[in-house]
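One-letter residues, chain by chain:
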Amino acid sequence: MLDKNGIAKRIAQEVKDGMYVNLGIGIPTLVANYIPEGINVELQSENGILGMGPFPFEGDEDADLINAGKQTITLLKGASIFDSATSFGMIRAQRVNLTILGAMEVSENGDIANWKIPGKMVKGMGGAMDLVASAKNIIVAMQQVNKAGQSKLLSKCELPLTGVKCVKKIVTELGVYEIVPNGGFKLLERAPGISVEQIKNATAGKLIIEGEIKEMSI
Amino acid sequence: MINKVVKNAEEALKDVKSGMTLMVGGFGLCGIPENSIAQLVKMGVNNLTCISNNAGVDDFGLGLLLQTKQIKKMIASYVGENDEFERQMLSGELEVELVPQGTLATRCMMAGYGIPFFPTPAGVGTEVAIGKEVRSITFRGETKDYLIENAFESDFAIVKAWKGDTAGNLIYRQTARNFNLPMAMAGKITIAEVEELVEVGELNPDHIHTPGIFVNRVFKGEKYEKRIEQRTVRKK
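Residues numbered from 1 in each chain as written. Chains lettered and ligands numbered in written order. Predicted model: local features only at pLDDT ≥ 70, side-chain atom pairs only at ≥ 80, totals over all residues. Heavy atoms only, no water.

As for the sheet that holds strand S5 (residues 117-120) of chain B
All names here are of chain B.
Logical step 1: With antiparallel pairing, three strands are arranged side by side in an open sheet as S5-S7-S6. Of all the strands in the sheet, just S5 and strand S6 (134-139) have a single pairing partner and so form its edges. Mean inter-strand twist for the sheet, computed between neighbouring axes without regard to direction, equals 45°.
Logical step 2: Note that S5 and strand S7 (residues 142-150) share four bridges and pair antiparallel. Bridge pairing in S7 links Phe117 to Asn150.
Logical step 3: Across the sheet, helix H5 (residues 101-113) lies against S5 and S7, angled at about 150° from S5, the strand it touches most. (Pairing = 2+ DSSP bridges. Helix = DSSP H or I, 4+ residues; strand = E, 2+ residues; numbered from the N terminus. Axes fitted to C-alpha atoms, helices over the stretch in contact; angles between N-to-C directions. Contact = heavy atoms within 4.5 Å.)

Side note on the packing of aromatic side chains
Logical step 1: Tallied over the entire structure, the rule returns one aromatic pair over all chains.
Logical step 2: With a centroid separation of 6.5 Å and an interplanar angle of 80°, the aromatic rings of Tyr177 of chain A and Phe185 of chain A are classed as edge-to-face. Note on accessibility: Tyr177 of chain A and Phe185 of chain A belong to one class, buried.
Logical step 3: Looking at Lys160 of chain B, its charged tip hangs above the ring of Tyr224 of chain B, at a distance of 5.0 Å from the centre.
Logical step 4: Over the ring of Trp162 of chain B we find Lys163 of chain B; its NZ or CZ atom is 4.5 Å from the centre of that ring. (Phe/Tyr/Trp six-rings, centres within 6.5 Å; stacked < 30°, edge-to-face > 60°. Buried < 20%, exposed > 50% of the residue type's maximum accessible area, 1.4 Å probe, protein only. Lys NZ or Arg CZ within 6 Å of the ring centre and 35° of its normal.)

Details of the sheet that holds strand S11 (residues 153-154) of chain A
Residues and elements named next belong to chain A.
Logical step 1: Pairing in this open sheet of three strands is mixed, and the strands run S7-S6-S11 from one edge to the other. Of all the strands in the sheet, just strand S7 (112-113) and S11 have a single pairing partner and so form its edges.
Logical step 2: Direction of pairing for strand S6 (residues 105-107) relative to S7: antiparallel, over a ladder of two bridges. In the strand pairing of S7, Glu105 is matched with Ala113.

Considering unusual backbone geometry
Residues and elements named next belong to chain B.
Logical step 1: Residue Asn47 is not a glycine yet carries a positive backbone phi of 55°.
Logical step 2: Counting through the fold element by element, Asn47 comes out in the loop between helix H2 (34-43) and strand S2 (48-51).
Logical step 3: Judged by relative accessible area, which is 42%, Asn47 ranks as partly exposed.
Logical step 4: Positioned with a positive phi, Lys226 is a non-glycine residue whose angle comes to about 50°.
Logical step 5: Within the fold, Lys226 resides in the segment after strand S11 (217-220).
Logical step 6: Exposure remark for Lys226: the relative accessible area of 22% places this residue in the partly exposed category.

Some points on the interface of chain A and chain B
Logical step 1: In this assembly, 53 residues from chain A lie in contact with 53 residues from chain B.
Logical step 2: Both faces combined, the contact of chain A with chain B buries some 4400 Å², and carbon together with sulfur accounts for 56% of it.
Logical step 3: By the criterion of area lost to chain B, the three top residues of chain A are Asp64, Lys70 and Lys123 of chain A, representing 17% of everything that side buries.
Logical step 4: For the interface between chain A and chain B, the tally reads seven salt bridges.
Logical step 5: Glu58 of chain A is the partner of Lys235 of chain B in a salt bridge, and the nearest nitrogen-oxygen pair spans 3.3 Å.
Logical step 6: Taken together, the connections running from chain A to chain B amount to 28 residue pairs in polar contact (both at pLDDT 80 or more). (Buried area = accessible area lost by both parts, 1.4 Å probe. Salt bridge = Lys/Arg side-chain N within 4 Å of Asp/Glu carboxyl O. Polar contact = N/O pair within 3.5 Å; in protein donor to acceptor, adjacent residues only side chain to side chain.)

Encoded structure:
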């Protein structure tokens, strides 16, 4: 079973040279730590940065320089700063090649829910609705099974949606899945030490298994 | 050059009245108009509708106006950092309209551009689409559904810039540009507070982010706390 860093490590393999990438809050943020040497990408932060760098050294924090998670960060050489409207312009116009975000639920047709639990938690959608509505390539990083043992890969989302038919790929603690055009979670890889049987038991929506499923290498 | 300078926050905000709609710049606590918010608390105007990406934290930013219950309605994209906000929202004391962040920014920008509405795919098929016109549009060879979103109308836009000159030209610093730039263009009256107020001619025209035509009043903020919400660092 993968931990958060394991999920981030596996997703980092999806990041290709020359991509502009938006990383959501939580596990997606960790992906930045595992992008292989020699792969040149630019990280976009929707509050107005291209070319986001690591956290600043102690004492170098700048209140005017934060990422979309409100964390103090740095800029890499060649970075640029812009306003929020321009930022979502580049997202809407599909200049940002890859969006990686977290989810509470994903359905077999690629719907995603990640912004609201009615009556309990309402934090708001932030930029997630804009990102999922426009991005061509969306990868979700999530826990497949919640603390109560319930699957979060469903036939239909129960929580209020963030976007419809938009998720392309999902990486969880148990495996890697692709959403197929006619609906269904196609199992691509198993997490180390996880059996297909375990994955079947942890997937409430339609699971598609074709041939031998290899264990992922991370 | 037309002089936009006012003495202080008190003079800049003197005609803000209860019941008005205010745009307030910033992202999280980054680039918020600290002096203007403090002045609104002091004035005690209430029943305000505030358009801002976030609602501050409990004891800073717009959180200060929530504590004093001066805000009737909040229009924002993300409000996760504020317990008092959550309490007022869940108890029904505070009206909340959650708007996707890109839609929020563009509704400001469109107001500044003088464009009444625009189509966006954000929120199609979600709660955000309820009560809104959905239109199928073919654009760049792809046909999909778009929500029709209106430009915001606000009585005042209150923004914070790094440097401003007496003609109201503004330059922002780092990611404090965020919503300040689109909002500065969007207010019926735009008030800018700046860290440094300089004479005309001192700012390079090539470096101006917001042309002074959009700014009605500019003043030098007394002091800036610039609180950091998430201090994240690495070891040397």
